[in-house]
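Overview (structure and organization)
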Amino acid sequence: MPFIFESTKLREVILIIPEIFNDERGFFMEIYKKSDFYKNGIRENFIQDNSSVSVKGVLRGLHYQLPPFSQGKLVRCVKGEIFDIAVDIRKDSSTFKKWVGIYLSENNKNILYIPSGFAHAFYTVSDIAEITYKTTAEYSSKYEKGIIWNDPEINIKLPAKNIILSEKDKNLPLLKNAEVF
């Protein structure tokens, strides 16, 4: 199997470690293989691919979409390094308000699966980072929501203090005022 699937402290958020085949020409790896993902509990139908480039210190998120456009995500950093964050925003979950942060980079080539019901953010650690991610629903501005990253109820710890936020992300609500799952 070309992947190792590891649960994180939020059981549904899964770190995927791909097998890398290196030789003098470079490397080869599989990014997604439906049969392996299905065997390991990720039974999603990914229907949209996105790409994002950010400079050092940029924090994007916490973002999510509500049903019927809620999104599961499969996130990979193809250039540089990010600190990827998932927050459980399912009110009835035993891990509601809990978060996990995982370093994804071009060097470790790891992939993070974030299911629907979790808010997502990432912080750019390197001078520049490019991420690609698959989603299980198309983007919908009507169903797009967010939570301010520094909500004290969530208490996210970033790896640095220098933070660059968009105006939109600066004005996101606290969790207690947000529409969640």
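Heads up: the structure comes first, above all this text.
Before going into details, it helps to say that this report is about the structure given with it. (Residues numbered from 1 in each chain as written. Predicted model: local features only at pLDDT ≥ 70, side-chain atom pairs only at ≥ 80, totals over all residues. Heavy atoms only, no water.)

Description of the overall build of the chain
For the record, the criterion: Segments assigned H or I by DSSP are reported as helices when at least four residues long, segments assigned E as strands when at least two residues long, and all are numbered from the N terminus. The size measure is the radius of gyration over C-alpha atoms, and the globule rule it meets is 2.2 Å times the number of residues to the 0.38 power. The buried label goes to any residue with under 20% of its type's maximum accessible area, the exposed label to any with over 50%, and the partly exposed label to all in between, with areas taken from a 1.4 Å probe on protein chains only. Any two residues whose heavy atoms approach within 4.5 Å are treated as being in contact. For the area figures, the Shrake-Rupley method with a 1.4 Å probe applies, and any residue is considered shielded solely by the protein chains shown. We treat Lys and Arg as the positive residues and Asp and Glu as the negative residues; His and chain ends play no part in the count. One atom stands in for each charge, and that atom is NZ of Lys, CZ of Arg, CG of Asp or CD of Glu.
A count of helical and extended segments in the chain gives two helices and 13 strands. Computed over the C-alpha atoms, the radius of gyration of the chain is 16 Å, within 12% of the 16 Å expected from 2.2 N^0.38 for a compact globule of 181 residues. Seen through its C-alpha atoms, the chain measures out along the principal axes to roughly 50 × 35 × 30 Å. Taken over 181 residues, the chain has a buried fraction of 49%. Within the chain, contacts between residues separated by at least 24 positions form 80% of all contacts whose residues are at least 6 apart in sequence. Accessible area of the chain: about 9,400 Å², with a carbon and sulfur share of 49%. Across the chain, 25 positive and 23 negative side-chain charges occur, with their mean positions spaced 4 Å apart.

Observations concerning the sheet that holds strand S13 (residues 144-146)
To be explicit about the condition: When DSSP finds two or more bridges between two strands, those strands count as paired. In this description, a line fitted to the C-alpha atoms serves as the axis of each element, helices being fitted only across the stretch in contact, and the angle between N-to-C directions of two axes falls anywhere from 0 to 180 degrees.
With antiparallel pairing, five strands are arranged side by side in an open sheet as S9-S8-S11-S6-S13. A strand with exactly one partner marks an edge of an open sheet, and here the two such strands are strand S9 (99-105) and S13. Pairs of neighbouring strands in the sheet enclose a mean axial angle of 30°, with direction left out of account. Judged from the three bridges that link them, strand S6 (residues 59-65) and S13 form a sheet pairing that is antiparallel. Residue Gln65 lies in a different strand from S13, and its bridge partner there is Glu144.

Description of the layout of surface pockets
The condition is simple: Throughout, the protein atoms alone are placed on a 1 Å grid, and a set of points is a cavity if a 1.4 Å probe fits but cannot get out or a pocket if it is open with protein on both sides within 12 Å along at least five of seven lines; lining residues have an atom within 4 Å of a point. Grid points are joined across faces, edges and corners, and a volume is the space filled by probe spheres set on the points. Asp, Glu, Lys and Arg are counted as charged, while Ala, Val, Leu, Ile, Met, Phe, Trp, Tyr, Cys and Pro are counted as nonpolar; the rest, among them Gly, fall into the polar class.
Quantified by volume, the largest pocket comes out at close to 420 Å³. Around the largest pocket, the lining comprises 24 residues; the ones closest to its centre are Arg60, His63, Lys73, Tyr133 and Glu144. Taken together, the residues of the lining of the largest pocket break down into nine nonpolar, ten polar and five charged.

Things to note about the pattern of salt bridges
Our working rule: Should a side-chain nitrogen of Lys or Arg be within 4 Å of a carboxyl oxygen of Asp or Glu, the pair is scored as a salt bridge.
Under the counting rule described, the total for this entry stands at ten salt bridges. Ionic pairing is found between Arg90 and Glu12, a salt bridge with its closest N-O pair at 3.1 Å. A residue pair is termed long-range when its members are at least 10 positions apart, and Arg90 in the loop between strand S8 (81-88) and S9 and Glu12 in the loop between strand S1 (3-7) and strand S2 (14-18) qualify at 78 residues. What makes Arg90 partly exposed here is its relative accessible area of 21%. Using a relative accessible area of 23% as the deciding quantity, one classes Glu12 as partly exposed. Between Asp88 and Arg90 there is a salt bridge, with its nearest N and O atoms 2.8 Å apart. For Asp88, a relative accessible area of 0% corresponds to the buried category.

Purely geometric numbers; function is a separate question.
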